[in-house]
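Coordinate inspection notes
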Amino acid sequence: MALRDSLKRSLWLWLATAACGTAEPPAPPATSPPEPADAEAALPAIGAATRLLSGAEHRAVVTRGAYAYVADVDGLSVYVVDTSGRIALEHHVPTPGTAQDLTFAGPLLYLADGLRGVASFDLDSPERPRLLGHTAVPGAARRVIGSELGVAVLHERAGLTVLRPGHAPEHLALPGNPKDAAWVGSHLYVADAGDGLLRVDLEPGPPHVAFRERAFRRATSLAARGSLLVVGSQDKHVRVLDTSASPPRVLAEVTLDHAPARLDVLGSQVLAAGGGATLLDLSASGSIEVRTPLPFAVLGAAALGPSLVLAARGAEGLELLHTSPGVGARARVPGSRLDRVAASDAQVMTFGEDGTGAWIWPLDPGARATELPGVRIRDAVFCGRAVCTLDPKGNLCQTPLPVRPAASPVCKHVPEGGRSIAWQPSAGTLWLLDEAGGLQGFRSTEGFTRVAAVSRPPTTTQEKLTRLAVEGERAVAIDPELGLLQVFDLGPTPRRRGFYVLQAPPAAVAFVEGTALVAEPSAGVQVVDVTDPDRPRELSWVPLEPRPQGISVWHPEGRRDRARVAVAHGEGGVSLWAWDGRGAFDPMGRSDTSGLASDVVHAGGSLWVADGAGAARFVLPAERP
């Protein structure tokens, strides 16, 4: 994969050089890579956090009786499902990490809570679980599988941890990338991608690999029914193994239209989820056949009865399905995901990229949010005295501020589609990056009249530029696939300028005073000087852990001689840095967020963070003059 991406980027560079005639290969990095800065070091908290809005991204579900327990990123939610099929939220327990998965083991419920480890809950009152505490594991906990023997925890850094009553946590390093696990009696089977199907025995302790079948090195998901082990693979196959044989033998297999990233046993059925979702019939003798594909994607599911299934669909919510004779919807609980945030001098907006709806807050403390309903947003920005939004179908819409319930937006369809928008206040122009790699300018005060267009050079490869950022008469955008930073002029004659090949694929960019700060999840933060727009050059590269997902930069009020940078780190929360405007970064503070911190902006003396599970505001302490 890395070689393919490198060749792809090199080809783009060669083609762009041939097309433009003036582009030069980027100079070597200005600095050798320093040691990764630890954004989780013992830093003071950034400030007081106020939870503004909680969403619900339903990632996994288990059921017991009439209760459904859901890991929804923000914590643990309890739903009651009655005989008529009505789903009602009964209780919610927020957790400090990122709730990814959950399982039963004995009388307790265990929840994979990301970097916070594994949370355990007492279910004496099943409608109101009581949080007992967290158990730390070597990496971020992302999958938990329970049995009467204990709980298997899969976490980052290629690790497996077993939690057993009366034992300290037992850690086992694995050579591959553990994707899933399943208990079959006293044996734990692990799909260790790249290494094979492993059998881990607990006795004689400590846990150890007792069997390895490398023919299943592409296995990604596991589930068990009695002595049958169901194995899903990257090649879209699902196979049933008889584990009573030594070695396990294949009894049956089917081929799906999608790779099964997760398998959930629902009585005599198996739901294969990942990219798509397919319901399979599994007999006690080991035969398996496709019953029906589902018309939507699913992250996990649990049975509520012989023909009722509750499916977790991420930001799309929970779906109650009846599975006999066909598959049909009975009820639905909508979900939400807020992973982007934008700001103006007076307001802040949070929205879900490719999601539905947005919320707008005045900067005044204690002010209530106004919902911008009924719009499906790919990107959004404040544009003068309005909100401008772009949907996945290429429709630009403008809603006047303040938003009123009966307000109707003014919209224009862009045939080339769109990936990102940005506002240029000095020219009153809304700029749009289209699907063809071009840049278009619109006057929003004139019903989105197009006033400028910059096309993609015909000889270059197809780009996927996004996250457009504008300052003055210049703009930058990033290509997450090719790993590029592209520069544009937005003056009287808008045109493309130079580009820069980044250290790694980027996720976000901030732009200030001719300098682009690029968040690269697999590398860190790269600072690129674009004051010479034809020959951008690197000023510094700061490796960061946890991985940066979003970035914002600003000057404290009245101080142009100092700058501050905020970085969103996914599960690692948000960090604050002092920046000298060139290459030096000094840590100032860090705070956790309830979900995956994916975007951050500074406005009104606060940091506003979108973390998937909702939105939060961190009030920053006043700085001395």
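The sections below set out a description of the structure shown in this document. (Residues numbered from 1 in each chain as written. Predicted model: local features only at pLDDT ≥ 70, side-chain atom pairs only at ≥ 80, totals over all residues. Heavy atoms only, no water.)

Okay, the overall build of the chain next. The number of helices and strands found in the chain is one helix and 58 strands. Counting every position in the chain, which comprises 625 residues, the buried fraction comes to 56%. A fraction of 43% describes how many contacts in the chain between residues 6 or more apart in sequence connect residues 24 or more apart. Surface summary for the chain: the accessible area is close to 25900 Å², and the carbon and sulfur share equals 51%. (Helix = DSSP H or I, 4+ residues; strand = E, 2+ residues; numbered from the N terminus. Buried < 20%, exposed > 50% of the residue type's maximum accessible area, 1.4 Å probe, protein only. Contact = heavy atoms within 4.5 Å. Areas by Shrake-Rupley, 256 points an atom, 1.4 Å probe, with all protein chains shown as cover.)

Let us now look at the sheet that holds strand β20 (residues 228-233). Read across the sheet, four strands follow the order β19-β20-β21-β22 without closing on themselves; strand pairing throughout is antiparallel. Sheet topology places β19 (219-225) and β22 (249-255) at the edges, where each strand pairs with a single neighbour. Between one strand axis and the next, the sheet turns by 20° as a mean value, whatever way the strands run. Taken together, the five bridges between β20 and strand β21 (residues 237-242) define a ladder with antiparallel strand orientation. Residue pairing in the sheet places L228 in a bridge with D242 of β21. (Pairing = 2+ DSSP bridges. Axes fitted to C-alpha atoms, helices over the stretch in contact; angles between N-to-C directions.)

Further remarks concern the state of the cysteines. As used here, a disulfide is simply a covalent bond connecting the sulfur atoms of two cysteines. If you walk through the whole model with that rule in mind, you get two disulfides. Shown here is the disulfide that connects C383 with C388, its sulfur atoms set 2.0 Å apart. Every disulfide takes its handedness from the sign of the S-S torsion; for C383 and C388 that torsion is 90°, giving right-handed. For the pair C383 and C388, one class covers both residues: buried. (Disulfide = S-S within 2.5 Å.)

Estimates place the volume of the largest pocket at around 1200 Å³. Surrounding the largest pocket, 40 residues form its lining, A343, V381, V470, F511 and V601 being those nearest its centre. The residue makeup of the lining of the largest pocket, split by class, is 25 nonpolar, nine polar and six charged. Taken as a whole, the second largest pocket encloses approximately 810 Å³ of empty space. Around the second largest pocket, the lining comprises 31 residues; the ones closest to its centre are R59, Q100, R142, K179 and A261. (1 Å grid on protein atoms, 1.4 Å probe; cavity = no way out; pocket = protein on both sides within 12 Å on 5 of 7 lines; lining within 4 Å. Points joined across faces, edges and corners; volume = space filled by probe spheres on them. Nonpolar A, V, L, I, M, F, W, Y, C, P; charged D, E, K, R; others polar.)

Right, let's get into the pattern of salt bridges. Following the criterion strictly, the structure yields 28 salt bridges and no others. Across the pair R262 and D101 runs a salt bridge whose closest N-O atoms are separated by 3.1 Å. Remark: D101 occurs in strand β7 (residues 101-105) and R262 occurs in strand β23 (residues 262-266); sequence separation between them is 161 residues. The shortest N-O distance in the salt bridge between R239 and E253 comes to 3.6 Å. Pair noted here: R239 is in strand β21 and E253 is in strand β22, with a separation of 14 residues, a long-range link. Through salt bridges that share partners, D101, R143, D180, R262 and D264 make up one connected network. (Salt bridge = Lys/Arg side-chain N within 4 Å of Asp/Glu carboxyl O.)

Taken residue by residue, a regular strand's side chains alternate between the two faces of the sheet. Burial analysis of strand β49 (residues 524-529) places six of its six residues in the buried class, which makes it a mostly covered element. The antiparallel hairpin formed by strand β48 (residues 515-520) and β49 contains three residues in its connecting segment. Two elements, β49 and strand β50 (residues 537-542), share five bridges in a ladder whose sense is antiparallel. In the sheet register, Q526 faces β50, and the bridge partner there is W541.

The next thing to look at is the nonpolar core. L517, I551, V565, W579 and F585 are the most contacted members of the largest nonpolar core, which has 18 residues in total. Of all the secondary-structure elements, those providing two or more residues to this core are β47 (508-512), β48, β49, β50, β52 (550-554), β53 (563-568) and β54 (574-579). Leaving out residues up to four positions away in the same chain, I551 has contacts with A508, V509, A510, L517, A519, V525, V565, A566, V567 and V600. Listed in part, the 15 residues of the second largest apolar core include A71, L76, A99 and F104. (Core = buried A, V, L, I, M, F, W, Y, C linked by side-chain atoms within 4.5 Å.)

Before going further, it helps to spend a moment on empty space enclosed by the protein. If you walk through the whole model with that rule in mind, you get two cavities of 30 Å³ or more. The space that makes up the largest cavity amounts to roughly 40 Å³. The wall of the largest cavity is formed by V525, V542, L544, V565, V567, W577 and F585. Here the residues of the lining of the largest cavity sort into seven nonpolar, no polar and no charged.

With that out of the way, let us pick up the environment of L390. With respect to the secondary-structure elements, L390 resides in strand β36 (residues 386-390). Here the alpha-carbon distance between L390 and V414, two residues 24 residues apart in the chain, equals 9.7 Å. The residues contacting L390, other than those within four sequence positions of it, are R376, I377, R378, D379, N395, L396, G418, R419, S420, I421 and L432.

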